[in-house]
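Okay, here's what each chain looks like letter by letter:
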Amino acid sequence: MYNENMDSMSLPYLTETRRKLHKLAELSGKEYKTQEFICAELERFGFKPKRIGTGVYCDSGKSGKSKRLALRADIDALPITENREVTKVDFCAADGVMHACGHDGHTANLLNVARIVGAKSNIPVRFIFQFGEEGYGGSVQMIECGVLDGVDEIYAIHLCPELDSGKIGYCYGGMFAGCVEFDTITHGKKSHCAFPADGADAIGSALTVYGAIKTAAERNGLLYNLGKIEGGYARNIISDGCKADYTLRFYDSAKSEDVMMCAARAAAEADDRFGTVTDIVTREVYPPLINDALCVDKVRLAAGENAEPIDPRNTAEDFSNYLNVVSGCMSWLGIRDETHTSPLHSDTFGFDERALLAGTELFLKLIEMRQM
């Protein structure tokens, strides 16, 4: 039984809007047409949207003495070409860009909620359409520009192809891992291997650092990966350079900091031993996404019999940055059915828009609960 405030226009609106957004798909930080579309829709509903970067937010009601409830959707797509032969849809974006993570669904859902609530509502809600979730740091930029000012609680959904359509997956505590992406860049000196004293072995130094990182990560029980390593010229030449690309996943920030300190010590020791110079460059840092227990309780209550417990994942999600500032919760929205089983970030990802009805219902009930 869907929320009584959900009107008969919900499914047609969700379907039409999601497909328009799917066709508009744009990469992180370049969501210009998507931003224009969102603003036009919000203005049509009577809102006065404000822009941050290529993101958008707007408010309903007046906050007064009470703070606002915030609802967030991410709007960017991925650098993937859709496999049209498999998805068989006529609303694909141009080659090289695709909503393969469901952000078109997230955005359509939040627009539908805004449409139903309306700008003239006396309920203080902030609707946040965030740019640049896919590795661009959009949430940090929006927070720095004040999108959480006056907000004390925030919620978001994420489509989940492993969960049956319409189910709401909830997780207490850590739901997504924190992530540190970093590189070690080692500078050495080239020489023939027959004359090792004339060179400084950058690869040997880099591999020594790798061993220390591996040991520290395993000691702390953290997931780590050396995904790419570059260096060298030939089997008989000592390399003057080596670059190694790492990712580290964690739920306890103290443990990740321990690994990074061990990496720094190991680099200094390897430089002394090999005569190299090593720089450790941090590329991206996402904190772990930790759901507030009381907010999870509210999601469970709002979802009712559709609520289903799920396990944490070692992927990262930049909604975590909001939860470092205010209480909140992200939940999964199931989209799996007989014809839609492809994983997120795949070129065959897709879903039936009817699954979004459960997302609209969830958000409407969370808004209602603020008034109780």
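Right, let's walk through the structure included here. Every value quoted in this text rests on a predicted model; they were computed, and no experiment measured them.

**Observations concerning the pattern of salt bridges**
Part 1 of the argument: As enumerated under the stated definition, the model contains 25 salt bridges in all.
Part 2 of the argument: Notably, a salt bridge pairs Arg72 with Asp74, separated by 3.5 Å at the nearest N-O pair.
Part 3 of the argument: In this structure, Arg313 and Glu162 form a salt bridge, with 2.5 Å as the shortest nitrogen-oxygen distance. Of the two residues, Arg313 sits in the loop between strand S15 (307–309) and helix H9 (320–323) while Glu162 sits in strand S5 (residues 151–164), which places them 151 residues apart along the sequence.
Part 4 of the argument: Taking the relative accessible area as the measure of exposure, Arg313 reaches 25% and is therefore partly exposed.
Part 5 of the argument: Overlapping salt bridges, with partners in common, bring together Arg18, Arg19, Asp104 and Glu353 in one network.

**Remarks on the packing of aromatic side chains**
Part 1 of the argument: The final tally for this structure, using the stated rule, is eight aromatic pairs.
Part 2 of the argument: Seen from their ring centres, Phe47 and Phe127 are 5.6 Å apart, and the 75° between their planes marks the pair as edge-to-face. Of the two residues, Phe47 sits in the loop between helix H2 (32–44) and strand S1 (50–52) while Phe127 sits in strand S4 (residues 125–130), which places them 80 residues apart along the sequence.
Part 3 of the argument: If you follow Arg18 out to its NZ or CZ, it ends over the ring of Phe351, 4.0 Å from the centre.
Part 4 of the argument: Between Arg313 and the ring centre of Trp332, over which it is positioned, the NZ or CZ distance is 4.3 Å.

**Re the pairing of strand S3 (residues 68–74)**
Part 1 of the argument: By the criterion of burial, S3 is predominantly enclosed, with seven of the seven residues buried.
Part 2 of the argument: Residues Arg68, Ala70, Arg72 and Asp74 of S3 are buried on one face, and the alternating residues Leu69, Leu71 and Ala73, pointing to the opposite face, are buried as well.
Part 3 of the argument: For S3 and S5, the ladder comprises five bridges, and the chain directions are parallel. Bridging from a neighbouring strand, Ala70 pairs with Ile154 of S5.

**Comments concerning the sheet that holds S3**
Part 1 of the argument: The strand order across the open sheet formed by eight strands is S1-S2-S4-S3-S5-S16-S6-S15, and the pairing between neighbours is mixed. At either end of the open sheet lies a strand with only one pairing partner, and these are S1 and S15. Pairwise comparison of adjacent strand axes, ignoring direction, gives a mean angle of 30° for this sheet.
Part 2 of the argument: As defined by bridge partners, S3 adjoins S4 across six bridges and the pair is classed as parallel. Its bridge partner being in S4, Asp74 is matched across the sheet by Gln130.
Part 3 of the argument: Along the sheet, H2 contacts S1, strand S2 (55–60) and S4; its crossing angle with S2, the most-contacted strand, is approximately 15°.
Part 4 of the argument: Helix H4 (residues 103–117) rests against S2, S3, S4 and S5 of the sheet, and its axis sits at about 145° to S3.

**Structural notes on the environment of Val151**
Part 1 of the argument: Of note, Val151 is situated in strand S5.
Part 2 of the argument: Along the primary structure Val151 and Arg68 are separated by 83 residues, whereas in three dimensions their C-alpha atoms are 4.5 Å apart.
Part 3 of the argument: Among all residues touching Val151, those that are not within four sequence positions of it are Lys67, Arg68, Ala70, Arg126 and Val326.

**Details of H4**
Part 1 of the argument: A rise of 1.5 Å per residue sets the reference length of H4, with its 15 residues, at 21 Å; its end C-alpha atoms lie 21 Å apart and thus fit the reference within 8%.
Part 2 of the argument: The positive-phi residue at the C-terminal boundary of H4 is Gly118, with phi of around 80°.

**Side note on the environment of Val259**
Part 1 of the argument: Within the secondary structure, Val259 is located in helix H7 (residues 253–274).
Part 2 of the argument: For Val259, a relative accessible area of 0% corresponds to the buried category.
Part 3 of the argument: For Val259 and Ile213, which are 46 residues apart along the polypeptide, the C-alpha to C-alpha distance reads 6.4 Å.

**A short note on unusual backbone geometry**
Part 1 of the argument: Unusually for a residue other than glycine, Lys88 sits at a positive phi of about 55°.
Part 2 of the argument: Turning to its location among the elements, Lys88 is positioned in the loop between helix H3 (84–87) and H4.
Part 3 of the argument: Within the chain, His345 stands out as a residue other than glycine whose phi angle is a positive 70°.
Part 4 of the argument: For His345, the location among the structural elements is in the loop between strand S16 (327–336) and helix H10 (356–369).

**Some thoughts on the sheet that holds strand S13 (residues 277–286)**
Part 1 of the argument: Spatial ordering of the open sheet is given by S10-S12-S8-S13, a layout of four strands whose pairing is antiparallel. Of all strands in the sheet, those with a lone pairing partner are strand S10 (223–231) and S13, marking the two edges. When the angles between neighbouring strand axes are averaged without regard to direction, this sheet yields 15°.
Part 2 of the argument: On the sheet, helix H6 (residues 202–220) packs against strand S8 (178–187), S10, strand S12 (241–250) and S13 and is oriented at approximately 10° with respect to S12.
Part 3 of the argument: Across the face of the sheet, H7 comes into contact with S8, S12 and S13 while running at roughly 165° to S13.

**Focus on the side chain of Gln130**
Part 1 of the argument: Take Gln130: it is sitting in strand S4.
Part 2 of the argument: Among the polar contacts listed, one links the side chain of Gln130 to the side chain of Tyr322, at a separation of 2.9 Å.
Part 3 of the argument: Setting aside residues no more than four positions away along its own chain, Gln130 makes contact with Arg72, Ala73, Asp74, Ile75, Gly138, Ser139, Met142, Asp318 and Tyr322.

Calculation criteria
Residues numbered from 1 in each chain as written. Predicted model: local features only at pLDDT ≥ 70, side-chain atom pairs only at ≥ 80, totals over all residues. Heavy atoms only, no water. Salt bridge = Lys/Arg side-chain N within 4 Å of Asp/Glu carboxyl O. Helix = DSSP H or I, 4+ residues; strand = E, 2+ residues; numbered from the N terminus. Buried < 20%, exposed > 50% of the residue type's maximum accessible area, 1.4 Å probe, protein only. Phe/Tyr/Trp six-rings, centres within 6.5 Å; stacked < 30°, edge-to-face > 60°. Lys NZ or Arg CZ within 6 Å of the ring centre and 35° of its normal. Pairing = 2+ DSSP bridges. Axes fitted to C-alpha atoms, helices over the stretch in contact; angles between N-to-C directions. Contact = heavy atoms within 4.5 Å. Expected span 1.5 Å × (residues − 1). Polar contact = N/O pair within 3.5 Å; in protein donor to acceptor, adjacent residues only side chain to side chain.

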